[in-house]
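# Structural features, examined
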Amino acid sequence: MAQSPHTVRWGILATGFIAQMFVRDLLCNPATRDVTDVAHKVVAVASSRSKDSAAGFLEKVNLAPEGVKLYGSYDELVNDPDVDCVYVATPHSHHFQNTMLALQAGKNVLCEKAFTVTASQAKKLVQTTKEKNVFLMEAVWTRYFPLSIKIRELVKSGAIGTVYRVIADNSIGNDGPDGSITFPDDNRMVNIDLAGGALLDLGIYSLTWLFQILYHLQPEAEKEAPKTLAAIHQYKTGADESTSVIVQFPSHKTTGIALTSLRIPTNTDGKNSGGPAIKIQGTLGEIQVMGPAYRPTQYKIIKKDSDGQVEVVDCPIPVDRERRFGMGMFWEADEVARCLRDGKKESSTLPLSESIVIMEVMEEALKQGDVKYPELITSDVFDPKSPLNTGAR
Ligand SMILES: NC(=O)C1=CN([C@@H]2O[C@H](COP(=O)(O)OP(=O)(O)OC[C@H]3O[C@@H](n4cnc5c(N)ncnc54)[C@H](OP(=O)(O)O)[C@@H]3O)[C@@H](O)[C@H]2O)C=CC1
Ligand SMILES: O=C1OC[C@@H](O)[C@H](O)[C@H]1O
């Protein structure tokens, strides 16, 4: 007899854009992506603004209110005994305090990217996770795409020989008039108080591609953190608008180049005519991944001496026809569910130690570019009454 799926009861912390996307993915029927072993249920939603705002969220995601508890504060959500896992969907600036709030309440957490603002904050979260014996994962959804899994397997199998270099770009074209960027200065993309900037928001995906190949696949006994060299252009708000990072793994002789910009897009026409967003280069060939780097659906394998033959592999994101939706965030949610079912405290696909090393690289890059975020959002001291937790704007 088929076993019933392990169902995670989710609590959604914040009601912005990505919380809507994530919940709509949670509501997709797992069978539409051939998943039968795990399932998801949204049991509570909290808005730091008001209970009404949480109610408005349910309407937007087309979720009937029956059984879903609505809260006007994050504190109530993390203390709800019916919540198995809290999804933190606030701006980067808030991740440390909000995740800490949930961990301190004994909750498992899936926290949006970028994990934190500083590496020290990331280390504190991991330490608290261990103390509380709960699960924590950074929500870099791309890592859990079947496409990413296939590419890691290909590289591991030696299909393109020894990989020495990865180049990845995740950029958007928001160049505006008179030197401006088309986001208002208080928008989270460029607002220094919300830890805005290209690197933490978009460059994290370029780094994800570098890391899932050049770092994640290093044998455990040979794990080596990289040296970091960055070139950064600051926007008038103080946030980074265009950032290039070279990571070098000296003893592996491997190099990664991560590019990101808010001004110049990866592909001008938005249709990949300009070529791949990611190039994984080995001694026997290369894998090209078509953009966007955060939600890729196609890759190409080009072998040396292939006489012009290119293998093109499509990995479409399944759509739940009934709900008319499918973003691809459900795969990371499935990973959380399987980890919780199996009693794991972290995901082996993105171990917490790796999230820390990535934060170290980003912090070093931002330091080299003289990007400075305010004390309130860089502090690694947990404060349940911080405005970042209470929502005092
Ligand atoms: N995985 C992905 O593809 C994507 C991930 N993201 C990540 O998700 C996170 C949130 O991004 P996004 O949803 O686009 O952001 P939004 O601005 O749309 O939403 C953020 C939410 O956080 C809450 N919040 C609490 N305090 C503040 C504050 N001072 N200013 C603004 N919002 C506040 C609000 O919810 P409330 O009022 O209900 O408390 C708000 O709706 C970021 O970490 C971002 O990097 C974003 C887009 C795509
Ligand atoms: O995570 C993200 O991926 C998609 C982008 O459009 C968005 O700005 C970013 O936060």
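Worth saying up front: this structure is predicted, and the values here are computed from it rather than measured.

Not every one of the 23 residues close to ligand 1 is listed here, only the nearest: T15, G16, I18, S47 and S48. Sorting the residues of the shell around ligand 1 by element identifies α1 (17-26) and α4 (92-104) as the ones contributing at least two each. Each residue belonging to the shell around ligand 1 can be placed in one class, and the counts come to eight nonpolar, nine polar and six charged. Formed jointly, the shell around ligand 1 draws a minimum of three residues from each of two domains, domain 1 (6-141) and domain 2 (146-316).

What follows covers the UniProt feature "domain: GFO/IDH/MocA-like oxidoreductase" (unreviewed entry) in the protein. The UniProt feature table records "domain: GFO/IDH/MocA-like oxidoreductase" (unreviewed entry) at residues 150-287. A distance of 11 Å separates the end C-alpha atoms of residues 150-287, which is 18% helix and 30% strand.

With that settled, the discussion passes to the pairing of strand β8 (residues 227-234). Across eight bridges, the pairing between β8 and strand β9 (residues 240-249) is antiparallel. Residue pairing across strands places H233 opposite S242, the latter belonging to β9. What sits between the antiparallel neighbours β8 and β9 is a turn of five residues, in which G238 has the positive phi angle 100°.

Let us look at the pairing of β9. Side-chain direction in a regular strand flips from residue to residue, so the side chains alternate between the two faces of the sheet. Burial analysis of β9 places eight of its ten residues in the buried class, which makes it a mostly covered element. Where β9 lies against strand β10 (residues 254-261), eight bridges are found, and the strand directions are antiparallel. Counted as the bridge partner of V247 is G256 from β10. Counting the residues between successive antiparallel strands, the hairpin from β9 to β10 contains four residues, one of them, K253, with a positive phi of roughly 55°.

With respect to topology, six strands assemble into an open sheet ordered β3-β2-β1-β4-β5-β6, the strand pairing being parallel. Edge positions in the sheet fall to β3 (69-71) and β6 (136-139), since each has one partner strand and no second. Neighbouring strand axes in the sheet, compared pairwise and without regard to direction, differ in orientation by 30° on average. In the sheet, strand β1 (residues 6-13) pairs with strand β2 (residues 38-46) via eight bridges, with the strands oriented parallel. Counted as the bridge partner of I12 is V45 from β2.

Calculation notes
Residues numbered from 1 in each chain as written. Chains lettered and ligands numbered in written order. Predicted model: local features only at pLDDT ≥ 70, side-chain atom pairs only at ≥ 80, totals over all residues. Near = placed C-beta within 6 Å. Helix = DSSP H or I, 4+ residues; strand = E, 2+ residues; numbered from the N terminus. Nonpolar A, V, L, I, M, F, W, Y, C, P; charged D, E, K, R; others polar. Domains from an automatic or database assignment. UniProt positions renumbered as here; feature names shortened; annotations may be inferred. Pairing = 2+ DSSP bridges. Buried ≥ 20, exposed ≤ 12 C-beta atoms within 10 Å, placed from the backbone. Axes fitted to C-alpha atoms, helices over the stretch in contact; angles between N-to-C directions.

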